[in-house]
Structures are given as structure tokens and as C-alpha cells.
Amino acid sequence: MPPACQGTTSGVNAEASSGIEAGVTGTTSVLRTLVLSDLVDSTALVERLGDQRAAELFRKHDKVARALMQRHGGQEIDKTDGFLLVFERPIQAVAYALAYQRELAQLGAQEKIDLAARIGIHVGDIVVWDNSAADVQRGAKRTEVEGLVKPVAARLMGLALPRQILMSGTAYDIAHRAQGELGEALARVRWRTHGRYRFKGVPDLVPVFEVGEEDFAPLRAPTWSGKAHREMPVWRRPTAMVMEAIALLLLLAVPTWYLLKPAPAIAFANRDWVVVGDLKNLTGQKVFDESLQSAFRVGLEQSRYVNVVPQMQVRDSLKRMERDPIATAVDRTIGAEVAVREGARALVIPTVAEVGGHVRITAEIVDPNTQTTVYSDSVDAQGDEGLLPGMDDLLRKMRGRLGESLASVSEASRPLAQITTSNIDALRALGKAEEEYGRGKINDAIMLLKEALRLDSKFALAWVRLSTLQNAFLGDAKAAHASLQSALANRDRLSAREQLFLDGTVAQYEDADRWIEKWTVATQLYPDAVAAQQNLGIGYLWYQHQLDEAIPHFLAIANSRHPLRGLSWCALAVIETEKGNDSVAMSHIARARELSAVMPHFEDVAPDLAARRYAAATARLKAVSSSLPEALQAERQLKFAAIAVDQADDATAKSALEAAAQYADKSSSAPQRARVRLARAAFDNATGATGAAQQLVSLIDGEIMRLSEQDTTIDGSAPIHLALAAMLASRSGNFSKAKAALDASRANALNHGFYDRAALWRTADCEVRLAKEPTSRATCLAGLVDGREYYQTHVALHLAYKAAGADDKADEQAAWLRTHRGRATAELENEVALIPNLLDARLLSGARAPR
């Protein structure tokens, strides 16, 4: 924000000057802003008042104008009935013109005379020179200004209506970008576009804009004159319009709908974006604030034609505008600026008011560039039960205004009461939950969602939102799955879009191939939906380990304006780390950190760890807030342990693992507790700690029990933990327990399309089943190498070749493991196998062996 925004109430720098230096003896060309003003009907005013009183009035007028010139940095060049002024910047000229019109009206009120002025503003190169002292004594002006900018400003002034300020397109573009400098006056200021005009004597068309204060300035197109007329298409000129009228009579047989169908007044196209402003609630009933705002947004998001800028993205834009993202109301002025910043084509402002005993819901479609209301539609609702049906009607009208076909509106839309809830209080609780989520208050958001579900237990959208928070922030897969099942039971209470997203989310717990299928369809139908692209990218990266297939989906988000795009840059960095492209990975991480992104499992540490930049990795972890949920604190300690393991600092690693266990035991996340136990078992086994063998047995028994308690594959971490534990047990000689782990997880690992589970299970199976046949074991493992295989497959191959006496091949595998550190640090979500991988990498790198 410019410094002027933080200064005086007028905003624009009062100390600025026009930039024209005194004493210019020769001509000089400078870029400046010209203002021409003219008092309306000044001659008639003199006739009515008489010379003496008129002169006294003009002296007062000139005193007011000159005080404003000094305040806003203007320089007087000439004066007749008005002034010719020069300013250095267009925003100074606009500030002067607005203040002049306002104070002129006040002067008129004091004198009981109707005073008004016309003003024209243009910016361009002017030629400036000072007249000689002798010429000035003979009556010449001190400074002369000439150039094409002068007649253009004069034509603008002549075209203007009383109290109207007209400006050229060039002046508008520069001034509008700096409108924040108007300070407190900005709340009253409105900008309008009046089209392109042809001025007599000016060769090019001039775009004409108006700036003025609401309820004071005309804010309407000026009338044409002999010296200025609006450029119109041929088909709107008088002769052509006569011909069109005749043609219209001949075409009466054409269906009326095609004749009357309105074209949008803004160039809105398929997949363009809109910003939804804050609901203006004029009823005094607070219950409408969040409830109708949420319903309006949900209803608009049903469209496959219109894209709605996410609330999180709006809040991010407000931060960049140096405004409070929570307290700032997204009204016409703020919403228009957000829309321009985010590349949105339109601003939509919903309003609810009581009119004649009815509740009237209105939606304005606003052009963000001019803040002009392009369309406005209203519906009246009878009582609370009529609110959502009324909003359905309003949304249909609005989507049609934006150019969406009636067929598309009908196909992609269902009544709001069916896809949300008819309970206004439950709808309000959902809206409040989304607001608290935006504040980062996850527990409060969960509490409000549960309240919404207490009011309406079949509120499917609330179940979906609750599941997301339970999984992402609490790490409670079982609770998240239960919430999804409740949403599925009420699937018909969701929009077509939310149904598709629900099906994709449920597939995460059941079938990876269906996950890919559902989210592929979602990206095709809603290509700009972040959830669709993100989840498809995750499916390819985490579940199928297809790195190249994941990249375009993460890039689609990374190159957008969405505030969570930093997470996608992190995911891309993880991919490049796995592929061994350290410089590219660090470039992606830099982009992510510019956006303050932190991955859920601190995957952004992987590139530094792979390149042994331990200090940087440690600093990153220490910079993370200590107020994270216990499950994430446990994950953070695991990363500290991994850094210590890679440096053979066993004491620090042990301490970090103990801290991780303490956090995990306090959390509600069973997967996180098991992940910490796996890391500790691997570390204790490698360091020969007392009780290591029993700890591994306990881990396997616990995960077998957890898996047996699940009716479906609710938590995919158990088969992965069991596969890795089976490898550890087999390598330490406990073949029976290793076999038990694999037998228990076979169906879960192999029957649901998840490559990660299946690949690790098959690696462990080769090791356990062929433990005493190293040559056959090596052959079995070699058959798993398909380009997607994990680091542990090559560890197992190295051990098999070594046991079989194939030293050359064992050395080849050792070399592969040493040169693929990125795989060790980044694969499997950079969490499950990290410490086992680094323990094996440490042995093969020639570092000190664990003790």
C-alpha cells in the first residue's frame, strides 16, 4: 500500500507539486495531467446577480479553488470562468476535482445559489515555457502550456454534465490503480465507463470515464454535442436502425426467446471466475448472515460454467491488500479490487432485506473494473421456508445473466434445501464453521459442524466438511471414515459436484483405481477445482507412485492464484527430490516458502535432507509453530530423529524418537502412534537396543489387531507398516512373525489397487518366503523392479545378492542406493519408511554403523 494511504484523511499527498519548474526560458516537454474546469451558466449568473455581487462570489470561488490546488499539488496555468491546472499525477487531479465539486456545492448552499462545474481530465505530454517578464507586464500569463492533451481535456470538459468529472482512458487507468490514496473519500467514490467518443479535431477515439461521489455526481453517460459524440457500431446508427426495424418485422416468426435472450454486459465466458461479496443483511436478523451467505455460495458452486473464487483465496488477497482478512467486509469497493487482483470477471453482491412484509433477496452482478452494476435481480420469499427456494430462483436468473444456458443450469443444479439443509440454524452453523476454519481455529470449526449435525443429522455437506478436518488435522481416519459413511447415507442431499467429490474421497479408503477414475472425471468436469486436481495428483504420487503423471495436476494448482498453491509447489519439490533433481526441487521449495506453505508431514524437509543440508532442515522444523496438534508434533519429532540418524547421532535420534512417542500417545491418531512405533523398532533393531525384538513383535501384533477391527480398508497405513515390519523381522531372523504380518495384510495390500501397499508387500513376501533361497529371492525381487519400485526393494535386492555370493550385483545395488538418496528421503509421503530407509543408507554409505 502506498505511504499516502497511511497519511491524512484526504489520502493524496498534500505536499506534492505539479512538477513544472519556474523559470523555464526555453520550451520543454513533460508528462503531466491537465484539468480544465468551467462554471456552469456563469454568464447567466452575472446577469442574475449583477456585476458587484457576481464578482464577490467569483472571488470566494477562486479562493476555494486555489486552496484546493495547494492542498493537492496543482499549478494554476490560466483562469476564465474556470481554471486550467497542471498536476504531476492523475490521482492528484482526481482528488482535487472531487474536493472542488464538493466544496463548490457547499459554497452555493451558503450563498443560496445553485453552483456546479464541468471538469475534464487528461494526461499526456505537454510543452511548457515561461513568458518573458516584459510579456507578463503586458498581460501575458507567466507560464504557457500547449499540446494535444489540452484540446482533449477541453473536449472532455465540454462534454461533461453539471457536477460531472470526465477523464480519458489513460488518466483513468493510472488514477484507478492508485485510488487507495483517496483515503476516507474512497468509500463514496464511484467509477464509470461511458464508452469511446470521437472528439472534433482529435484524430483518435477517446475512451471516456467518469469519477464522482455517489448521490452527488451524475454517474451517467453525458449527452452528445456537435464537438463530441459516442462511437457507435454501424448497426446502431440511425439509418441502420431503421433497416433493422424493418428486418425485425420480417423476423417475427423466429422464436421470441432467441430475440429477447440478453447478452451479458460483461464479456463473461465459460470457466471465468467471480468473487462473491459479503451478504448485505438489512433485515436485522443475524441468523441470515452466515446461513444465506453459505447457501448462496454453495448454490453458485454447482455451476460448471461459473467458477467461484474460494473464500481462502479472497482472504489471501485481502492480506496482500494489507487489510484484516477476517474483519474486512467484502463490499463493492473491496470486492472489486479483490476481483481485479484475482483476475475475476465479475463481482456478485447478495443482499437480503425486508420489503412489505416479505424477505427480498437481491443479487447484483458488478463489473469490477468500473464498479458498475451490470445486472440486478431480486426475488421475494414468504417466511423462512421460502428463503432457499427463492434463492434457487435468484441463482438461476443470475447464472443466465452471465451467459450459462438454461439447459446447463437445469442439468447441474438441484434445490438448495435438498443439497444443504432446510434448517436455517444448521446452515448458519456451517457458515460459522467455515469462518472459524479460515481463522485457523480447527477445534472451534469441528464443534460448530457437530452443532450443525445436531440440528440436522442428515446434513450431508456438514458430514463431508467434518470428515475433511478429522482426517487432515486430527489424523483420525476411523472418525473421518464414519463421517463419510454418514454423508454417503445422505448422498442425495448433495449437489452433483459434491457427490462426485464425495465418491472420490470415499475411494481413498477402498480402491485406488476408483480414486484415480473419480478424480479424473472431476478434473474433466471441474478443471479449475483445486480439490479435484490436488486429489488426482496425490493419487498418482502417493498411491500409485507415478511421478510424471502427478506433475501436471500439481502444476495446475501451483500456477493458479489459490492460496494453497504452496502445497503443490512442495509436492512438486518432493517429486523432483525423488528424481534426483536437487536444484529444481530447491527452486520449487523456495516458491513454496514464499507462500508460507507447510506440508502436513513436513515433506518440504526432504530436499535438504537428501542433500545433507542438515542445518537448513533443522531450522525449517524449528520455525514451525509449537501449537500444532499432537499428531503433527509427533511427525515433526520424527523428522528431527531422521536428521540425527543420517548424521549417526544416535543419542539425539533416540531422544527425538522418545519425544515423538510422547506426542503420538496423546493424539487420537492410531496411524501416527503405529508410525512412531515402527521408527523406534527400526532404530532399536539397528542399534541393538535391549528389547528390540519384542518391540517389533508388539508392533506387528498391534497392527494385525488394528487391521482385523476394520470392515474395509479404512486406514491404508496398517498394511504398509506390516510390510515394513515383516522386512525388519525377516532380516533379524524372526520368520514366523514376519509371515504372520504378511498373511494378515495380504488381502488388504493386494486387492484394492494401491501400488504402495502392494509393492511393499510383494518385496517383503520375496524376502520372507524365500529367506533361505537367496538366489531365488534375488530373482523374485528383480521382477519387482519396474521404475516405480521403492527404495526398500533395492535394499532387499542388495542383501539377496550379497547372501547369494553375487558380489558384483550386490555392489551395483549398493551404488544405486547411494546415488538415489532422494528416494530414501522423499518416497511414501516422506514419513512411513524414512527412518528405515536412512538407517539402511547409512550402512551402505560407509558411515559409522549404528551401535
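Residues numbered from 1 in each chain as written. Predicted model: local features only at pLDDT ≥ 70, side-chain atom pairs only at ≥ 80, totals over all residues. Heavy atoms only, no water.

### Topic: the overall build of the chain
Counted only if it meets this: Only DSSP runs of H or I reaching four residues or more are called helices, and only runs of E reaching two or more are called strands; each is numbered from the N terminus. Only the protein chains shown count as cover for residues, and the accessible areas themselves come from Shrake-Rupley with a 1.4 Å probe.
The secondary structure content of the chain amounts to 38 helices and 15 strands. Looking at the chain as shown, the accessible area adds up to about 36,600 Å², and 51% of this sits on carbon and sulfur atoms.

### Description of the environment of Val 506
Spelled out, the test is: In what follows, residue pairs with any heavy atoms lying within 4.5 Å of each other are defined as contacts.
Structurally, the position occupied by Val 506 is in helix 19 (residues 496-507). Between the C-alpha atoms of Val 506 and Leu 484, which are 22 residues apart in sequence, the distance is 6.9 Å. Discounting chain neighbours no more than four positions away, the residues touching Val 506 are Leu 484 and Leu 488.

### A few points about the pattern of salt bridges
Operational definition: The term salt bridge refers to a pairing of a side-chain nitrogen on Lys or Arg with a carboxyl oxygen on Asp or Glu at a separation within 4 Å. The buried label goes to any residue with under 20% of its type's maximum accessible area, the exposed label to any with over 50%, and the partly exposed label to all in between, with areas taken from a 1.4 Å probe on protein chains only.
Per the stated rule, a full pass over the model turns up 41 salt bridges. Of the charged contacts, one joins Arg 769 and Asp 765 as a salt bridge, the two residues approaching to 3.0 Å between their closest N and O atoms. Here Asp 765 and Arg 769 lie together in helix 33 (residues 755-769), a separation of four residues that amounts to about one turn. Residue class for Asp 765 comes out buried when judged on its relative accessible area of 14%.

### Observations concerning the environment of Ala 339
Here Ala 339 lies in helix 11 (residues 332-341). Its relative accessible area of 0% is what places Ala 339 among the buried residues. Sequence-wise, Ala 339 and Val 274 are 65 residues apart; in three dimensions their C-alpha atoms are separated by 7.2 Å. Beyond its immediate chain neighbours, meaning those up to four positions away, Ala 339 contacts Val 275, Ala 344, Ala 346 and Pro 368.

### Comments concerning the side chain of Glu 364
Note the threshold: Any pair of nitrogen or oxygen atoms within 3.5 Å is treated as a polar contact; in protein, a donor-acceptor pairing is required on top of that, and neighbouring residues in sequence qualify only through side-chain atoms on both sides.
The residue Glu 364 is located in strand 14 (residues 358-367) in this model. For Glu 364, a relative accessible area of 13% puts it in the buried group. For Glu 364, the side chain forms a polar contact with the side chain of Thr 373, separated by 2.7 Å. When near neighbours in sequence (up to four residues on either side) are disregarded, Glu 364 contacts Lys 280, Arg 332, Leu 347, Val 348, Ile 349, Thr 373, Tyr 375 and Ser 376.

### With respect to the packing of helix 3 (residues 90-111) against helix 6 (residues 169-177)
Quick note on the threshold: Lines fitted to the C-alpha atoms define the axes, with helices restricted to the stretch that makes contact. Angles between their N-to-C directions range from 0 to 180 degrees. Angular relationships are summarised with four words: roughly parallel below 35 degrees, roughly antiparallel beyond 145, roughly perpendicular across 65 to 115, and oblique for the angles in between.
At a minimum axis separation of 8 Å, helix 3 and helix 6 run at an interaxial angle of 90 degrees. One finds that helix 3 runs roughly perpendicular with respect to helix 6. On the side of helix 3, the interface is formed by Pro 90, Ile 91 and Val 94, while helix 6 contributes Ala 171, Ile 174 and Ala 175.

### So, the packing of aromatic side chains
For clarity, the threshold we go by: By convention, a stacked pair of Phe, Tyr or Trp rings (six-membered ring in the case of Trp) has centres within 6.5 Å and planes under 30 degrees apart, an edge-to-face pair has planes over 60 apart, and any other such pair is tilted.
On inspection of all chains with the given rule, the structure shows 11 aromatic pairs. A ring pair is formed by Tyr 172 and Phe 209, whose centres lie 3.9 Å apart and whose planes are at 5 degrees; its orientation type is stacked. With Tyr 172 in helix 6 and Phe 209 in strand 8 (residues 206-213), the pair connects residues that are 37 residues apart, well separated along the chain. Here Tyr 172 falls in the buried class, since its relative accessible area comes to 6%. On the basis of relative accessible area, Phe 209 is assigned to the buried category, the value being 12%. On the numbers, 5.4 Å between centres and 85 degrees between planes, the contact of Trp 515 with Tyr 543 is edge-to-face.

### Things to note about the packing of helix 16 (residues 442-455) against helix 17 (residues 460-472)
Here is the rule we go by: In this scheme the crossing of two helices becomes right-handed for a clockwise turn of the near helix relative to the far one and left-handed for an anticlockwise turn of less than a right angle.
It is the contact of helix 16 with helix 17, at a shortest axis distance of 10 Å, that shows an interaxial angle of 155 degrees. Taken together, the axes of helix 16 and helix 17 lie roughly antiparallel to each other. Handedness of the crossing formed by helix 16 with helix 17: left-handed. Of the residues in helix 17, those touching helix 16 at Ala 445, Ile 446, Leu 449, Lys 450, Ala 452 and Leu 453 are Ala 462, Trp 463, Arg 465, Leu 466 and Leu 469.

### Remarks on a negative patch on the surface
Applied cut-off: Grouping into patches uses exposed residues only, defined as over 30% relative accessible area, and leaves out salt-bridged ones; the cut-off is 9 Å for like charges and 5 Å for nonpolar side chains (Val, Leu, Ile, Met, Phe, Trp, Tyr). Charge assignment in this entry is limited to Lys and Arg as positive and Asp and Glu as negative, and neither His nor the chain termini are counted. For this purpose, a charge sits on NZ of Lys, CZ of Arg, CG of Asp or CD of Glu.
A cluster of acidic side chains, namely Asp 807, Asp 808, Asp 811 and Glu 812, defines a negative patch on the protein surface. Here Glu 812 shows up in helix 36 (residues 807-819).

### Remarks on helix 12 (residues 387-401)
Applied cut-off: Given the number of residues in a helix, its expected span is that number minus one, multiplied by 1.5 Å.
Its 15 residues give helix 12 an end-to-end C-alpha distance of 21 Å, which sits within 8% of 21 Å, the value for a rise of 1.5 Å per residue. Listed in full, the buried residues belonging to helix 12 are Leu 387, Leu 388, Gly 390, Met 391, Asp 392, Leu 394, Leu 395, Met 398 and Arg 399. One or two residues past the end of helix 12 sits Gly 403, with phi positive at roughly 105 degrees.

### Some remarks on the nonpolar core
What counts is decided by this rule: Think of a nonpolar core as a cluster: buried Ala, Val, Leu, Ile, Met, Phe, Trp, Tyr and Cys residues, connected wherever their side-chain atoms sit within 4.5 Å.
Val 274, Phe 296, Leu 300, Leu 387, Met 398 and Phe 459 are the most contacted members of the largest nonpolar core, which has 60 residues in total. Val 624, Ala 738, Tyr 790 and Leu 838 belong to the second largest nonpolar core, which has 59 residues in total.

### Brief notes about the side chain of Gln 101
Locating Gln 101 in the fold gives a position in helix 3. On the accessibility criterion, Gln 101 (3% relative accessible area) is buried. Discounting residues that sit within four places of it in the chain, Gln 101 has contacts with Ala 117, Ile 119, Arg 163, Gln 164, Ile 165 and Phe 216.

### A word on the pairing of strand 13 (residues 346-355)
Convention followed: We treat two strands as partners when DSSP finds at least two bridges between them.
Where burial is concerned, most of strand 13 is hidden: eight out of the 10 residues are buried. Taken together, the two bridges between strand 11 (residues 280-281) and strand 13 define a ladder with parallel strand orientation. Pairing of Lys 280 across the sheet is with Thr 351, part of strand 13.

### Examining the state of the cysteines
Convention followed: A pair of cysteine sulfur atoms is labelled a disulfide when the two atoms are within 2.5 Å.
Taken as a whole and judged by the stated rule, the model has one disulfide. The partner cysteine of Cys 766 in its disulfide is Cys 780, sulfur to sulfur 1.9 Å. Looking down the S-S bond of the Cys 766 and Cys 780 bridge, the torsion is -60 degrees, so its handedness is left-handed. A residue pair is termed long-range when its members are at least 10 positions apart, and Cys 766 in helix 33 and Cys 780 in helix 34 (residues 774-782) qualify at 14 residues.

### Some remarks on the environment of Ala 462
If you trace the backbone, Ala 462 turns up in helix 17. On the basis of relative accessible area, Ala 462 is assigned to the buried category, the value being 0%. Remark: the alpha-carbon pair of Ala 462 and Leu 448, spanning 14 residues in sequence, is separated by 9.6 Å. Not counting residues within four places of it along the chain, the set of residues in contact with Ala 462 comprises Leu 430, Leu 449, Ala 452 and Leu 453.

### Here we look at helix 1 (residues 42-49)
Applicable threshold: Note that the arc is defined by the directions from the helix axis to the C-beta atoms.
Residues of helix 1 that are buried: Ser 42, Leu 45 and Leu 49. Each buried residue of helix 1 lies within a common arc of 50 degrees when the element is viewed along its axis, so the set occupies one face. Facing away from the buried side of helix 1, by more than 90 degrees, are the exposed residues Thr 43 and Glu 47. Against strand 1 (28-39) and helix 2 (51-72) lie the buried residues of helix 1. Phi turns positive one or two residues past the end of helix 1, at Gly 50, with a value near 95 degrees.

Any link to function would need more than the numbers given here.
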